[in-house]
Amino acid sequence: MVHFSSSVKGPPMRKGRVRLRKGPSRGTVRGTTAALLCALLTTFALVPLAPAAAEPASPVLTGVQLTSDPILTVGETASADFSLSEGAQTVRFLYTDESTVNTQSLWWDGDSESGPITATATTIVDGDFFAGEHTLQRIEITFPGGSVHYDRSGEITQTGDGEPVDPDSWFPDFTELDFAVDGTGQALRVNEMLSEPSIIGVPRSGFTLGVDLGRWSEPGPFELSWHTIRLAHWDLGRMCRVRVTWTRPGFFPVDFTTDPVGPVTSGEQIPMLGQMSVGSILRPDFDLGSVIAPEGVEVAAAFRWTGSAPIDRPSGPWYRIMPADLVPSEWGGPMWVAASLDVMVGETLLEGPSTRRNHGSTTWWLKSDSHFSSGFDDDGTPDFMTRDSSGQLRMYPTSGDGSWHDPRAIGWGWTGFSAILKAGDFNGDLHNDIIARNDAGELFLYPGDGTGGWLPPAQIGWGWNIFDILVAPGDFSGDGKNDIIGRTADGLLTMYPGDGKGSFYPPEVIGAGWGTMDTVFSPGDFDGNGYADILSRDRSGLLHFYGGNGGAGWTTTAVIGQGWENMSRVGSAGDFNGDGHPDVWAINSAGQLLAYYGDGACGWKGSAVVGWGWGGFTAVF
């Protein structure tokens, strides 16, 4: 009988294809082939397979002991006795000194084929040994079938074909096998820390934190638990630390953890201050003082401005909206301008968030509320409003270049109001609104619908008849919400900060002695510093400028005109001629409407008559 076995070699087979001789018919060949196949299968079934070779026994430690002194001098021998359950080829005790990278070994290479065995691993402490502690990291055992490693971590690992080692078998106490070399060994050096590593950046969601490595007597490379980390909303409340490590042969290792930074606060979107209208300066509400940096290291911020209009925009901490910005986005959403912020700490660039956020699938817009100068019909150009003696309210849209579109009536029955203001977007729905006060002192919000029409009104205040002048300056407090200012008969100026939802935060007095003024209004940012300002005319006809500081306070004051007592009304609608600077309008005794063009630096660049027949209105705003 022919036996088939993987361990039995037969005569070599000839390579090539099996060739059939001519002879029987195809059917006869098939039958013969089938019979031969059945015979072969029967033969395999009858012959048992040879048993697999047994795995060699793996040697395991059954005992180990440091037999040399725990403190050695150069020239002495370090030794450790050990016992194994089976024979082995080599045993190595691998040590590291206090550098954690210099290694020394105790060796035995008796190459015993059978066991159990007891032997000693040794090495001579020579001049390559550094003084200090020498810590056992691993015991390595090799045998013909593979290797077994005992690690200080408590793990047993093995390679090769040996029997698996029981993970619950006896395990040595590594601490009892450590030894030290006294001062006769080489001395490890110290990498002196000249200045501490620290975290740099802003601990707010949306910002990236980095690491300043400080200064050291020896260069890197250093290992960090992280180099940069982009903070997200799930990091809120966390304290941030980074671990800095460094190793080099001949040196003590460095293992330093920075002081914690945090807790991480919310701030993924940077608020934008300013109004979305031509001439308005937009300024991200970001304080460089919030950037954590080592003392003496320069901190800077780099802004990249983008918008719905595909135009080139300069970089810088602020941006003045240009007429070319007034282009809707490609998908038909509203116009927008935004800034992305990067923080520079020394030479390190840390990516920051943007001032814009996607509210839904297609719409991007600024966080700050819209200024009145962007128009009541949301076209981004100023509109004039008038009321005649019959109570009809009319809107005179402008083109943004010093000319007009056709006026139209937008309301009736407005005779009962003693003050009417264009308040900008006061309720946060992205459309500009009107605020009106009746003779009883009740204050009403008339929300605009963005097309020159109205949404349902709401009463938002009582007792406002204590003020003889009301002003809508836009955002005077610097929180991105539009505010209202009132002047009392005794000259107190009080600001009512808007909450962006159609109501107010608690008021605060921001000035006194304003009783000498017969007109108070705001053109927006008249001096070009990015903050809303106030203009007023005294009874002698002098026009005064009061610069806002963006925080409900003042910067400076100046007289910017005289002879204005001849004007029956004075006010501002924004940038009338589209040059990027807010302007002032006035109506003279002949009913002419004059535009006085601001130069963006608290001065003037000319004037022109832009309308006639404006003297008969009972209100112009």
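Note that the structure is a prediction, hence the values are computed from the model and not measured.

A. Just the overall build of the protein, in detail. Secondary structure assignment for the protein yields 1 helix and 46 strands. Looking at the protein as a whole, 49% of its 621 residues are labelled buried. A separation of at least 24 residues holds for 52% of the contacts in the protein among residues at least 6 apart in sequence. Looking at the protein as shown, the accessible area adds up to about 30,300 Å², and 53% of this sits on carbon and sulfur atoms.

B. Layout of empty space enclosed by the protein. Going through the model one piece at a time under the given rule, you end up with 3 cavities of 30 Å³ or more. Approximately 50 Å³ is the volume attributed to the second largest cavity. In terms of lining residues, the second largest cavity is bounded by F384, S572, A573, G574, F576, D583, V584, W585, A595 and V610. Within the residue set of the lining of the second largest cavity, elements represented by two or more residues are β42 (567-574) and β43 (583-588). Its residues placed into classes, the lining of the second largest cavity shows 7 nonpolar, 2 polar and 1 charged.

C. The sheet that holds strand β34 (residues 467-474), seen in detail. The strand order β34-β35-β36-β37 describes an open sheet built from 4 strands, whose pairing is antiparallel. Edge positions in the sheet fall to β34 and β37 (508-511), since each has one partner strand and no second. When strand polarity is set aside, the average angle formed by the axes of neighbouring strands in this sheet is 30°.

D. Seen up close, the pattern of salt bridges. Across all of its chains, the model carries 11 salt bridges by this definition. For the salt bridge of D518 with R537, the shortest nitrogen-to-oxygen distance reads 3.1 Å. With D518 in strand β38 (residues 517-524) and R537 in strand β39 (residues 533-538), the pair connects residues that are 19 residues apart, well separated along the chain. Residue class for R537 comes out buried when judged on its relative accessible area of 6%.

E. Quick look at the sheet that holds strand β45 (residues 604-611). A sheet is described by the order of its strands in space; here 4 strands give the open sequence β42-β43-β44-β45, paired in antiparallel fashion. Lying at the two open borders of the sheet, with one neighbouring strand each, are β42 and β45. This sheet shows a mean twist of 25° between the axes of neighbouring strands, independent of strand direction. Where β43 meets strand β44 (residues 593-598), 4 bridges bridge the pair, whose relative direction is antiparallel. Each bridged residue has a counterpart across the sheet, and for W585 the counterpart in β44 is A595.

F. Molecular detail of the packing of aromatic side chains. What the rule picks out here adds up to 39 aromatic pairs. Ring centres of F426 and F504 lie 5.2 Å apart, and the angle between their planes is 55°; this geometry places the pair in the tilted category. Of the two residues, F426 sits in the loop between β30 (417-424) and β31 (433-438) while F504 sits in the loop between β36 (493-496) and β37, which places them 78 residues apart along the sequence. Taken individually, F426 and F504 each receive the classification buried, so the pair is uniform in this respect. Here the aromatic cluster, defined as three or more aromatic residues joined through ring pairs, consists of F384, Y396, W404, F576, W585, W614 and F617. The ring of F251 is capped by R248, whose NZ or CZ atom sits 5.7 Å from the centre of that ring.

G. Up close: the pairing of strand β7 (residues 132-143). Bridge analysis of strand β4 (residues 90-96) against β7 gives 7 bridges, and the strand direction is antiparallel. Paired with F93 across the strands is I139, a residue of β7. Examined bridge by bridge, β7 and strand β10 (residues 179-181) share 3 bridges and lie antiparallel to one another. Across the sheet, G132 pairs through a bridge with V181, a residue of β10. Across 6 bridges, the pairing between β7 and strand β8 (residues 146-151) is antiparallel. Each bridged residue has a counterpart across the sheet, and for F143 the counterpart in β8 is G146. From the end of β7 to the start of β8, which pair antiparallel, there are 2 residues.

H. Fine view of the side chain of S147. Within the secondary structure, S147 sits in strand β8. Judged by relative accessible area, which is 9%, S147 ranks as buried. A polar side-chain atom of S147 sits 2.6 Å from a polar atom in the side chain of T159. In this structure S147 touches I141, T142, T157, Q158 and T159, once residues within four positions along its chain are discounted.

I. Representation of the pairing of β43. By the criterion of burial, β43 is predominantly enclosed, with 6 of the 6 residues buried. Neither face of β43 is exposed, since D583, W585 and I587 on one face and V584, A586 and N588 on the opposite face are all buried. The sheet contact formed by β42 and β43 spans 5 bridges and is antiparallel. Residue pairing across strands places R569 opposite I587, the latter belonging to β43.

J. Expanded view of the nonpolar core. Judged by nonpolar contacts, the single largest core of 31 residues is most densely connected at F82, F93, I139 and F179. Secondary structure elements with two or more residues in this core: β1 (61-66), β3 (77-84), β4, β5 (103-108), β6 (117-124), β7, β8 and β10. Apart from residues no more than four positions distant in its own chain, F82 is found in contact with L61, G63, V64, V91, F93, W108, I117, T118, A119, T120 and A121.

K. The arrangement of the side chain of S105 in detail. For S105, the position within the fold is in strand β5. Here the side chain of S105 touches R92 through a polar contact of 2.8 Å, side chain to side chain. Ignoring sequence-local partners within four residues, the contact set of S105 consists of R92, F93, L94, T122 and T123.

L. Highlighting the environment of V261. The topology assignment puts V261 in the loop between β18 (254-257) and β19 (272-273). It is 9.7 Å that separates the C-alpha atoms of V261 and V242, two residues lying 19 residues apart in sequence. Not counting residues within four places of it along the chain, the set of residues in contact with V261 comprises I199, P203, R238, M239, C240 and I292.

M. Broad picture of the layout of surface pockets. Each pocket or cavity is described by its volume, and for the largest pocket that value is around 660 Å³. Considering the residues around the largest pocket, the lining is formed by 30 residues, among which I420, L421, L470, V620 and F621 are closest to the centre. Listed by contribution, the elements that provide at least two residues to the lining of the largest pocket are β30, β34, β38, β42 and β46 (619-620). Counting residues per element, the lining of the largest pocket draws most heavily on β30, at 6 residues. Looking at the lining of the largest pocket residue by residue, the class counts come to 16 nonpolar, 7 polar and 7 charged.

N. The environment of K422, seen in detail. Summarising the element assignment, K422 is placed in strand β30. On a C-alpha basis, the gap between K422 and D383 in space is 9.6 Å, while along the polypeptide they are 39 residues apart. In terms of polar contacts, K422 uses its side chain to reach the backbone carbonyl oxygen of D383, at 2.4 Å.

O. Region of the structure containing the confidence of the model for the protein. The predicted model of the protein has a mean per-residue pLDDT of 85, with 85% of residues at 70 or higher. Across residues 356-368 the pLDDT falls below 50, and counting only partners more than four positions away or on other chains, this stretch makes 30 contacts in the model.

Cut-off values and rules
Residues numbered from 1 in each chain as written. Predicted model: local features only at pLDDT ≥ 70, side-chain atom pairs only at ≥ 80, totals over all residues. Heavy atoms only, no water. Helix = DSSP H or I, 4+ residues; strand = E, 2+ residues; numbered from the N terminus. Buried < 20%, exposed > 50% of the residue type's maximum accessible area, 1.4 Å probe, protein only. Contact = heavy atoms within 4.5 Å. Areas by Shrake-Rupley, 256 points an atom, 1.4 Å probe, with all protein chains shown as cover. 1 Å grid on protein atoms, 1.4 Å probe; cavity = no way out; pocket = protein on both sides within 12 Å on 5 of 7 lines; lining within 4 Å. Points joined across faces, edges and corners; volume = space filled by probe spheres on them. Nonpolar A, V, L, I, M, F, W, Y, C, P; charged D, E, K, R; others polar. Pairing = 2+ DSSP bridges. Axes fitted to C-alpha atoms, helices over the stretch in contact; angles between N-to-C directions. Salt bridge = Lys/Arg side-chain N within 4 Å of Asp/Glu carboxyl O. Phe/Tyr/Trp six-rings, centres within 6.5 Å; stacked < 30°, edge-to-face > 60°. Lys NZ or Arg CZ within 6 Å of the ring centre and 35° of its normal. Polar contact = N/O pair within 3.5 Å; in protein donor to acceptor, adjacent residues only side chain to side chain. Core = buried A, V, L, I, M, F, W, Y, C linked by side-chain atoms within 4.5 Å. pLDDT = per-residue confidence, 0-100.

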